[in-house]
Amino acid sequence: MIYGLVVAGGIGQRMGSDIPKQFLKIRHKSIISYTVEVFLDHTDIEKVIVLVPEDWIDFTKDLFMRDFGEMEKLVVTAGGKLRNDTIMNGIKYIKENYVYDDTTTLVTHDAVRPFVTKEIIDRNIEALKEYDSCDTVIPATDTIVESLDHQVISDVPNRANLYQGQTPQSFKMKKFEELYTSLTEDEKNILTDAAKVFVIKGEKVALVEGSTFNIKMTHPSDLDFANSIIGRKNEK
């Protein structure tokens with residue numbers, strides 16, 4: 001089976017909102033609903049599991065009922081403190097409620113990247129026919145500088161070899177669980193995303209082409225940009 005895990009466990013402090021940023025609106029619909037809709041419409045995704053802060057489960061269920069109606073394909077459950085804790089909660093839910101095997105696939109995606117496309121999800125699923133893990137990326141267009149002391153430049157890596165990570169990040173469920181549970185606490189403390197679990201353990205992570213429009217809603221200016229994108233789409 002292929003499961004879509006929409007990760008919405010955080011609260012988004014940088015957005016400066018009184019509510020978690022995934023529930024903010026772009027035009028007349030919440031960010032999270034735009035995201036979930038893409039996964040619901042994808043015919044290869046058999047279940048969409050949305051992981052939110054525990055205190056927001058009922059709110060999210062009510063929101064989805066208004067936006068989508070009753071849908072057997074859609075589940076809302078509690079996320080975790082950190083991203084990979086949230087993914088592990090999703091895995092736990094699947095193991096307790098559904099059939100799974102060595103081929104069970106997870107397509108994990110940030111709830112606050114509402115402009116993911118069917119084509120990007122397709123490329124993730126296709127990559128997992130050859131690899132156990134893949135990461136959606138776009139080539140870096142700006143020069144990236146490194147500073148170890150946060151005061152002066154330590155290095156300027158070759159931009160030709162650099163990419164900006166996005167989501168989805170997708171992988172075989174059993175493989176992710178096996179690798180994650182084998183990490184030491186020190187290794188878990190340096191994780192920034194799910195793909196790094198594979199990198200730390202020396203596993204290959206395939207690159208999947210993303211999109212410059214597949215942005216993450218982080219700052220208030222991102223909402224302005226998102227509203228303009230939706231506005232242009234509505235005008236067509």
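Residues numbered from 1 in each chain as written. Predicted model: local features only at pLDDT ≥ 70, side-chain atom pairs only at ≥ 80, totals over all residues. Heavy atoms only, no water.

With mixed pairing, the seven strands of this open sheet are ordered in space as 5-4-1-6-8-7-9. Each of the sheet's edge strands pairs with one partner strand only, and the pair in question is strand 5 (74-78) and strand 9 (206-209). Adjacent strand axes in the sheet meet at a mean angle of 30° when their direction is disregarded. Relative to strand 6 (residues 105-110), strand 1 (residues 2-7) runs parallel, the two being bridged by six bridges. Looking across to strand 6, one finds that Ile2 is bridged to Thr105. Sheet strands in contact with helix 2 (residues 57-68) are strand 4 (47-52) and strand 5, and its direction is about 165° off that of strand 5. Packing of helix 4 (residues 118-127) onto the sheet brings it into contact with strand 1, strand 6, strand 7 (133-139), strand 8 (163-172) and strand 9, and relative to strand 9 it is tilted by some 160°. (Pairing = 2+ DSSP bridges. Helix = DSSP H or I, 4+ residues; strand = E, 2+ residues; numbered from the N terminus. Axes fitted to C-alpha atoms, helices over the stretch in contact; angles between N-to-C directions. Contact = heavy atoms within 4.5 Å.)

Below, the discussion takes up the pairing of strand 4. Counting buried residues in strand 4 gives six out of six residues, a clear majority hidden from the surface. Residues Lys47, Ile49 and Leu51 line one face of strand 4 and the alternating positions Val48, Val50 and Val52 line the opposite face, and both faces are buried. Across five bridges, strand 4 lies against strand 5 in parallel orientation. Directly across from Leu51, in strand 5, lies its bridge partner Thr77. (Buried < 20%, exposed > 50% of the residue type's maximum accessible area, 1.4 Å probe, protein only.)

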